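Chain residues, written in single-letter form:
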Amino acid sequence: MRAIWKGAVSFGLVSIGVKVYSATEEKDIRFHQVHREDGGRIRYKRTCSVCGEEVTYDDIAKGYDIGGGEMVILTDDDFADLPLSTSHAIDVLEFVPAEQVDPILYNKAYFLEPEGSATKPYVLLRDALSDSERVAIVKVALRQREQLATLRVREGVLLLNTMLWPDEIRRPDFGFLDEDLKVRPPELAMASSLIDSMAGEFEPDAFTDDYRAALQEVIDAKVEGREVVQPEEEEAAPAAAVDLMAALKASVERARAARGEAPSGGGAEPTPISSARSAKKAAKKAPAKKAEPAKKTTAKKAPAKKTAAKKAEPAKKTAAKKTPAKKKTA
């Protein structure tokens, strides 16, 4: 790995020299825009919308649109004069319980490596953090921007998680939040049963990016010149059910079947609503059930007649054999 930043963790009067490395990397398959006929790369020119001339990077500045077609132009000197007190330091502000930090605030993750003779104070801070079961709230300036971040321990290494500022988190503004929707207790109980049936331990390695794997196979097939195999399609999601309870119950049974568990039979305990529905169904089917035994009894008697007929046939044959015996006697 290549360090992207060097600085020091300021922990009270202790300064710990560190190198910062990106802790994550994207595995997306990237493509270039090319000409369909000859595969040539598509290039884009940086041109000025006013004079139409092509502009080099040295002549490009940052502009802030203040509205009305007016633009304020900022140069590198303007940014250099900004007060960034933490430009080369990770300044520890306080230590807080980890559960108090909302995960929505987390942005990017970086590993910290001790530099030079800073290994001992680095290990000291690491072990102290682990024993306290807290995370350090810090400020750090990365890429000319001051950011709030946390320091915590992961696999024996200090991990820096940059965070968004509170005013960068949007507030959800949806119409259904103002509606008076009530969930019935039986529905809530069934949903809880579904959650219990799908409960497990999170193992990240158990999940894979199937789309990326299939796309890589298509690319490999193009390179090797062989026939491209169409990947198997996943089962289509079932259509939304009108009966919420029925959908929840079916989901519970499906989750249990996926785990290899035996069906629950009656599912969750019968509720007043489900019991009433079962009673109605039983009342409707009652006449049909009474008629069925009569048909079955008739069907069972039919073979009895055939048996009687078969028994009668041997009797006739016996009588025919005895007749000649009477004639001889006469």
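Definitions and cut-offs
- Residues numbered from 1 in each chain as written.
- Predicted model: local features only at pLDDT ≥ 70, side-chain atom pairs only at ≥ 80, totals over all residues.
- Heavy atoms only, no water.
- Helix = DSSP H or I, 4+ residues; strand = E, 2+ residues; numbered from the N terminus.
- Buried < 20%, exposed > 50% of the residue type's maximum accessible area, 1.4 Å probe, protein only.
- Contact = heavy atoms within 4.5 Å.
- Areas by Shrake-Rupley, 256 points an atom, 1.4 Å probe, with all protein chains shown as cover.
- Salt bridge = Lys/Arg side-chain N within 4 Å of Asp/Glu carboxyl O.
- Pairing = 2+ DSSP bridges.
- Axes fitted to C-alpha atoms, helices over the stretch in contact; angles between N-to-C directions.
- Core = buried A, V, L, I, M, F, W, Y, C linked by side-chain atoms within 4.5 Å.
- Patch = residues over 30% accessible without salt bridge, like charges linked within 9 Å, V, L, I, M, F, W, Y side chains within 5 Å.
- Expected span 1.5 Å × (residues − 1).
- Arc of directions from axis to C-beta.
- Phe/Tyr/Trp six-rings, centres within 6.5 Å; stacked < 30°, edge-to-face > 60°.
- Lys NZ or Arg CZ within 6 Å of the ring centre and 35° of its normal.

Focus: the overall build of the chain
Looking only at helices and strands, one finds 6 helices and 9 strands in the chain. Every one of the 330 residues in the chain was classed for burial, and the buried ones make up 17%. Here the analysis covers contacts within the chain between residues at least 6 apart in sequence; of these, 60% occur between residues at least 24 apart. Total accessible area on the chain stands at roughly 27100 Å², and carbon and sulfur atoms take up 55% of it.

What to know about unusual backbone geometry
Here E133, not a glycine, exhibits a phi torsion of approximately 55 degrees, which is positive. At E155, a residue that is not glycine, the phi angle is positive and equals roughly 50 degrees. With respect to the secondary-structure elements, E155 resides in the loop between strand 8 (146-154) and strand 9 (157-163).

Considering the pattern of salt bridges
Two side chains with opposite charge may pair up if their charged atoms get near one another. Inspection of every chain in the model, using the stated rule, returns 6 salt bridges. Between E115 and K6 there is a salt bridge, with the nearest N and O atoms lying 3.8 Å from each other. Of the two residues, E115 sits in the loop between strand 6 (106-114) and helix 2 (119-132) while K6 sits in strand 1 (residues 5-11), which places them 109 residues apart along the sequence. Classification of E115 by relative accessible area gives partly exposed; the value is 30%. Note on K6: relative accessible area 49%, which makes it partly exposed.

Describing the sheet that holds strand 8
Strand order in this closed barrel of 7 strands is 1-2-6-9-8-7-5, and the pairing throughout is mixed. Sheet twist, expressed as the average angle between the axes of neighbouring strands with direction ignored, equals 40 degrees. Across 5 bridges, strand 6 lies against strand 9 in antiparallel orientation. The residue bridging A109 from the neighbouring strand is N161, located in strand 9. Contacts between helix 2 and the sheet are confined to strand 1, strand 2 (14-22), strand 5 (89-97), strand 6, strand 7 (134-141), strand 8 and strand 9, with strand 9 contributing the most and set at about 70 degrees to the helix.

Some details on the pairing of strand 5
Summarising the sheet, strand 1 and strand 5 pair through 3 bridges and their orientation is parallel. Among the inter-strand pairings, V9 is bridged to a residue of strand 5, identified as I90. Pairing analysis gives 6 bridges linking strand 5 to strand 7, with the strands arranged antiparallel. By the bridge assignment, D91 is partnered in strand 7 with K139.

Quick look at the nonpolar core
If you look at the biggest cluster of nonpolar residues, it comprises 21 residues, and the most contacted ones within it are V9, I90, L112, V138, L151 and L160. Of all the secondary-structure elements, those providing two or more residues to this core are strand 1, strand 2, strand 5, strand 6, helix 2, strand 7, strand 8 and strand 9. Among residues more than four places away in sequence, those in contact with V9 are V14, S15, I16, V18, I90, V92, L112, L125 and L151. Core analysis: the next-biggest nonpolar cluster, separate from the first, contains 7 residues, V96, V135, L148 and M163 among them.

A closer look at a nonpolar patch on the surface
A surface patch of nonpolar side chains, amounting to about 360 Å² of accessible area, comprises Y64, I66, V72 and L74. By the secondary structure assignment, L74 is in strand 4 (residues 70-74).

Things to note about the pairing of strand 4
Note that strand 3 (residues 62-67) and strand 4 share 5 bridges and pair antiparallel. By the bridge assignment, D65 is partnered in strand 4 with M71. With antiparallel pairing between neighbouring strands as the criterion, strand 3 and strand 4 make up a hairpin whose turn holds 2 residues, including G68 at a positive phi of roughly 70 degrees.

Here we look at helix 3 (residues 185-197)
Between its first and last C-alpha atoms helix 3 spans 18 Å; for 13 residues at 1.5 Å apiece the expected length is 18 Å, and the two agree. Among the residues making up helix 3, those that are buried are P186, E187, M190, S193, L194 and S197. An end-on view of helix 3 places all buried positions within 120 degrees of arc, on one side of the element. Of the exposed residues in helix 3, those oriented more than 90 degrees away from the buried face are P185, L188, I195 and D196.

As for helix 4 (residues 210-224)
Between its terminal C-alpha atoms helix 4 stretches 21 Å, which fits the 21 Å expected from 15 residues at 1.5 Å a residue. G225, located one to two residues past helix 4, shows a positive phi value of around 75 degrees.

Some words on the packing of aromatic side chains
Where two aromatic rings form a pair, the distance of their centres and the angle of their planes describe that pair. Applying the stated rule across the entire model yields 3 aromatic pairs. Relative to F95, the ring of F11 lies with its centre 5.9 Å away and its plane at 80 degrees, an arrangement referred to as edge-to-face. Here the residue F11 occupies a position in strand 1, and F95 occupies one in strand 5, the gap between them amounting to 84 residues. Since its relative accessible area comes to 26%, F11 is described here as partly exposed. Stacked on the ring of Y57, the Lys or Arg R46 has its end atom at 4.0 Å from the ring centre.

Keep in mind these values describe shape, not function.
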